[in-house]
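Notes for the structure review
Listed here are the chains, written in short residue letters.
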Amino acid sequence: MSEPRFTVAQRLQRTLLVLLSRLPARLQRLLAKPPVNSAGDTMAPDVALLMKLGASGPDYSDLPPEEARATTEQDLALFAARVEPCAVEEEIEVSSEVQLTRYSNGTPSRGLILFFHGGGFVIGSRVSYTAPVRMLAHGTGADVVSVGYRLAPDHPFPAAQDDALTAWRYVAARAAEWGVDPRRIVVAGESAGGNIAAVLSQQVRGEAVQPMLQVLIQPVTDLVEHRPSQGEFADSPALSAKQIAWFVNNYLPDGTDRSDPLVSPLRASSLAGLPPAIVNVAGFDPLHDDGTAYASALLEAGVPVEVTREAGQVHGYISYTAVSPSCRQATERLVASISAALGRIDLTTPVTKAS
């Protein structure tokens, strides 16, 4: 898995964005007035400037999926911080459909994080999420396994969910070989990946080995109800209503029941017995209310939940760590919350298989 190379023009673009992100906040506010949302939160000045610049650029949802992937892969690589590689970065081919990258710094006793990238089930990859995954590995001390799953529309629903289950079975069976207690596996994902992690947690509920924790980062949890945040941020350059519709149209075959819990995990008949959760939301994200609705439903079902809210951030902030200091700081806070959870969850009670 090789990381992309940049042209001279792309390197200049990255340098300019980095320089703009380091301007004093007062100058950034003059260049782009930070908006205030309905909750009274003000967007971080460096993010507001980044969004203003992004609003004038091309929209990947105007392209065929294959071209959109190529465009966004370059953009995500440009926007991502350069993070020191881990001591071990191992490529694993589970099957022709599922590829993994395992990141390890030699302290697997802390656990293992099975990570699913974002991208609306249509774009995104293990490569474009290298920076946040390395940050997770360095910041938590756990091993991280990043999953390459099949993308729509070539492989529509439920291909991604099937691949996630395959990845889970593989990792759970081999964790001990890597020095990881199989009971210390976390499932995590961002955006569409958060949906995948939530669905996977439901699929393996009650099995002898199930996740110790689910980390849902700006997840999409319900494709049935249109919640207020989707209307409020419909024109967000980070994730617009037009782009959401493009993702859904590519992901779901005609006639798919959107209330199926494999599509909308919030619609499951019961959420009881699921792993503890960290649900991360951002103040300027159209999926904000999806995250809070799922967190509330988990709490009502008796599942321990920690909601972490980045008030000044937009959707996908974990991908802007080079060109936005506030996004880098928010990502570091998220990593710290996951690390803290790894240290406090008690797994001393023997695991028993549900009847």
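Everything here concerns the structure above.
Quantities reported herein were computed from a predicted structural model and do not represent experimental measurements.

Right, let's talk about the packing of helix H1 (residues 8-21) against helix H3 (residues 45-55) for a bit. The interhelical angle for the contact between H1 and H3, taken along N-to-C directions, is 145 degrees, at an axis separation of 9 Å. Residues Leu17, Leu20 and Ser21 of H1 touch H3, and the partners they reach there are Asp46, Leu49, Leu50 and Leu53. Looking at the contact of H1 with H3 residue by residue, the classes come out as five nonpolar, one polar and one charged.

Note on placement: Ala245 falls in helix H9 (residues 241-251). The exposure class assigned to Ala245 is partly exposed, which follows from its relative accessible area of 35%. Each C-alpha atom of the pair Ala245 and Pro228 lies 16 Å from the other, and the pair is 17 residues apart in sequence.

Moving on, we get to the packing of aromatic side chains. In this structure the tally under the stated criterion is eight aromatic pairs. Taken together, a centroid distance of 3.7 Å and an interplanar angle of 5 degrees make the contact between Phe121 and Tyr251 stacked. Of this pair, Phe121 sits in the loop between strand E3 (112-116) and helix H5 (130-140) while Tyr251 sits in helix H9, and the two are 130 residues apart along the sequence. The class of Phe121 is buried, set by a relative accessible area of 6%. Classification of Tyr251 as buried rests on a relative accessible area of 2%. Between the aromatic rings of Trp246 and Phe247, the centroid separation amounts to 5.4 Å while the plane-to-plane angle is 55 degrees, which identifies the pairing as tilted. Relative accessible area serves as the criterion here: at 8%, Phe247 is assigned to the buried category.

One pass over the structure, following the stated rule, counts 19 salt bridges. Ionic pairing is found between Asp222 and Arg227, a salt bridge with its closest N-O pair at 3.0 Å. The exposure class assigned to Asp222 is buried, which follows from its relative accessible area of 2%. The class of Arg227 is buried, set by a relative accessible area of 9%. With its nearest N and O atoms 3.8 Å apart, the salt bridge here joins Glu225 to Arg267. Of the two residues, Glu225 is situated in the loop between strand E6 (213-217) and helix H8 (228-232) and Arg267 in the loop between H9 and strand E7 (277-284); the sequence distance between them amounts to 42 residues. Among the residues examined, Glu225 registers a relative accessible area of 40% and is labelled partly exposed. Salt bridges linked by common partners bring Asp222, Glu225, Arg227, Arg267 and Asp290 together as one network.

Thresholds, definitions, all that
- Residues numbered from 1 in each chain as written.
- Predicted model: local features only at pLDDT ≥ 70, side-chain atom pairs only at ≥ 80, totals over all residues.
- Heavy atoms only, no water.
- Axes fitted to C-alpha atoms, helices over the stretch in contact; angles between N-to-C directions.
- Helix = DSSP H or I, 4+ residues; strand = E, 2+ residues; numbered from the N terminus.
- Contact = heavy atoms within 4.5 Å.
- Nonpolar A, V, L, I, M, F, W, Y, C, P; charged D, E, K, R; others polar.
- Buried < 20%, exposed > 50% of the residue type's maximum accessible area, 1.4 Å probe, protein only.
- Phe/Tyr/Trp six-rings, centres within 6.5 Å; stacked < 30°, edge-to-face > 60°.
- Salt bridge = Lys/Arg side-chain N within 4 Å of Asp/Glu carboxyl O.

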